[in-house]
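# Observations on the model geometry
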Amino acid sequence: MDEMKTEKHAGSTATAIPVDSNDSRTQHGDQSSIWRADDALLAQLGYKSEFKREFSLFETVAFAFSIMGVIASVSSTFSFPLVSGGHVGMVFGWLIPCLFVMPIAASMAELASSMPTSAGLYYFSAKLAPPKYSALASWITGWANITGQVTLVTSIDFTCAQMITTAIAVASDGAVNLGSGPTFGILCAILFTHGIVCSAATNVLARLNLFYVIVNVGTSIAAIIALYVCSGNNKVSTSDAFTMFENNTGWSNNGWAFLLAFTAPMWTLTGYDSAAHISEETAGAARAAPIAILIGVSATASLGWLILIAASFATASVPDLLTSTLPLPMGQLFFNVMGKHGMLAIWSLIIVVQYVTGAAQGVDASRVVFAFARDRALPGSRWWKQMNRHTQTPVNAVWLVMVLAGICGLLGFSEAALSSLAGAAVIGLYTSYVTPIFLRITSGRDKLVPGPFTLGRWYMPIGIVACAWVAFIVILLLFPSSSSATADTMNYAVVIVMAVFIFASSSWILSAHKWFTGPIRNIGSSETTSYDEKQEAQAMRN
């Protein structure tokens, strides 16, 4: 019923949105009417349409799924469950967090359906917070999200560089083992190529996602089969695969040690807010965005669990993998199971998956930077909000993301580089995820104007579970991987997070509270019903 109301209202206000008669979109009948309805809804949210809506429902789902790059992400973070629980860490250290991430995804899907804009999370916070604190809530959410977005680009591309050095070591029979310096150089090269890819036109990016999802799913299935079948008689028993626990963390408490395995799935299950951030490039965004979020998270969680179950069966000795000279233990596992040539074959595909995952994340991060700059919240906003007239994409924002990711990549010279980058990404992103969810179940209970997807009365218990889980996981990820941390093994996530927190807080106190008012309308409201007006009507009905 809400969906019918939305479509009727959007259609009645479509004349307020200028449509170029020479635009090829107008030649597609029903599709064109969907685009106009989307642009009308965007106008109600306060923004004019600046992107071409080239992402279909399937391509949006593919984007949200591909950005999590399940096989590459599992391969990148395999060391966490190995250290924190061994076989139990692999199987249940993945399953438990996935169950708690689903309420977060469901709550975010509801918000994205109601307010499909590239501004995403910080826009949600602004609209659900008490008016007095609307700008501050938007400011906190936006900076937390950008912190997570940039460090996620770094961590994905850093592990891609590690995968390449792992392949070189195996191909050379151990004769060439590249250190931190060459790895950083490879990271910079990957970031540069991603800058080029992410600057492409929207239609190119949309079509690339079809390739992304095929490679991602195909390689994941191939890995599951290879690990289980090729391990032959060297597989451990079913009992050992699911119940053998090994604590290699240095923490004396086994329960605490096991919890640290949660880092892997929490890092993998990030970026699904991308469906909201590309909603201004999506046809039927109010319906497509929530579907993409829910399918992306559930498919990644399920496929990742199957990969790790297969890996658990194939892991004959956890200590042997942890003492490997290869940068990534998963590379050693594939080598043990498939031999040199088999390992290099599937590892090459995993590198491709990680590369395209980084490209997708670069697009997502650039859209967040663009939107935040559009609302004048970033230093140099007038540069970062500019759209390239040839590609109609925020090219300046793309390159800002790549430069900042390269700076964060200097952490690659630390032994705890991955845990630091992964921790910072998860803390930043999930803080931005949970802020509007918390506001939804507190000050925003009567403010949300439902979109096509709504949780109904279940929004409250689901939101409470989501908030409780994020509060727990943020504290957990600030701890080092062992009890005796040194300068080399320290978890530097707290340094990154605190640096951004201090900068954002001081900026707000000294200056931003005077001029930042939250999302800024950049389109006239005379012929459209604004979202704020719809909120007032919703509150009266409630």
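Residues numbered from 1 in each chain as written. Predicted model: local features only at pLDDT ≥ 70, side-chain atom pairs only at ≥ 80, totals over all residues. Heavy atoms only, no water.

Within helix H3 (residues 57–66), 8 of the 10 residues are buried, which leaves it mostly tucked inside the rest of the structure. Taken as a whole, H3 has its buried residues at Glu59, Thr60, Val61, Ala62, Phe63, Ala64, Phe65 and Ser66. Along its buried surface, H3 packs onto helix H4 (70–76), helix H10 (202–230), helix H14 (274–277), helix H15 (285–314) and helix H17 (329–374). (Buried < 20%, exposed > 50% of the residue type's maximum accessible area, 1.4 Å probe, protein only. Helix = DSSP H or I, 4+ residues; strand = E, 2+ residues; numbered from the N terminus. Contact = heavy atoms within 4.5 Å.)

Counting across every chain of the model gives 5 salt bridges. Here aspartate 173 makes a salt bridge to lysine 340, at a shortest N to O gap of 3.2 Å. Residue aspartate 173 is found in the loop between helix H8 (134–171) and helix H9 (180–198), and its partner lysine 340 is found in helix H17; the two are separated by 167 residues along the sequence. (Salt bridge = Lys/Arg side-chain N within 4 Å of Asp/Glu carboxyl O.)

The next thing to look at is a nonpolar patch on the surface. Together, Val403, Leu404, Ile407, Leu410 and Phe413 make up a nonpolar patch on the protein surface, roughly 460 Å² of accessible area in all. Secondary-structure assignment places leucine 410 in the loop between helix H19 (395–408) and helix H20 (417–441). Exposure remark for leucine 410: the relative accessible area of 48% places this residue in the partly exposed category. (Patch = residues over 30% accessible without salt bridge, like charges linked within 9 Å, V, L, I, M, F, W, Y side chains within 5 Å. Areas by Shrake-Rupley, 256 points an atom, 1.4 Å probe, with all protein chains shown as cover.)

Most of helix H7 (residues 121–128) is tucked away, with 8 of its 8 residues classed as buried. Every buried residue belonging to H7 is among Leu121, Tyr122, Tyr123, Phe124, Ser125, Ala126, Lys127 and Leu128, and all of these are buried.

What follows is about the packing of H17 against H19. Packing of H17 against H19 leaves a shortest axis separation of 8 Å and a crossing angle of 115°. Our classification of the angle between H17 and H19 gives roughly perpendicular. You can see that H17 and H19 cross each other, and the crossing is right-handed. For the pair formed by H17 and H19, the contact residues are Gly362, Ala365, Ser366, Arg367, Val369 and Phe370 on the first element and Ala397, Val398, Leu400, Val401 and Met402 on the second. Across the contact of H17 with H19, the residue classes break down as 8 nonpolar, 2 polar and 1 charged. (Axes fitted to C-alpha atoms, helices over the stretch in contact; angles between N-to-C directions. Parallel < 35°, antiparallel > 145°, perpendicular 65-115°, else oblique. Left-handed = near helix turned anticlockwise from the far one by under 90°. Nonpolar A, V, L, I, M, F, W, Y, C, P; charged D, E, K, R; others polar.)

With that settled, the discussion passes to the packing of aromatic side chains. In total, this model carries 27 aromatic pairs according to the counting rule given. Look at tryptophan 469 and phenylalanine 472: their rings are 5.3 Å apart centre to centre, the planes differ by 50°, and that puts the pair in the tilted class. Taken together, the residues tryptophan 469 and phenylalanine 472, both in helix H21 (residues 459–476) and 3 residues apart, mark about one turn of the helix. Given the relative accessible area of 31%, phenylalanine 472 is considered partly exposed. In this structure, lysine 235 packs its charged tip against the face of tyrosine 228, placed 4.7 Å from the ring centre. When the ring centre of tyrosine 459 is taken as reference, the NZ or CZ atom of arginine 440 above it lies at 3.8 Å. (Phe/Tyr/Trp six-rings, centres within 6.5 Å; stacked < 30°, edge-to-face > 60°. Lys NZ or Arg CZ within 6 Å of the ring centre and 35° of its normal.)

You can see leucine 344 is positioned in helix H17. Each C-alpha atom of the pair leucine 344 and phenylalanine 334 lies 8.7 Å from the other, and the pair is 10 residues apart in sequence. Non-local contacts of leucine 344, meaning those with residues more than four positions away in its chain, are made with Ala167, Val170 and Ala171.

Time to look at the packing of H8 against H17. Close contact between H8 and H17 brings their axes to 8 Å; oriented N to C, the two are set at 155°. What the angle tells us is that H8 and H17 run roughly antiparallel. You can see that H8 and H17 cross each other, and the crossing is left-handed. Classifying every residue of the contact of H8 with H17 gives 22 nonpolar, 12 polar and 3 charged.

The values are spatial; any link to function lies outside them.
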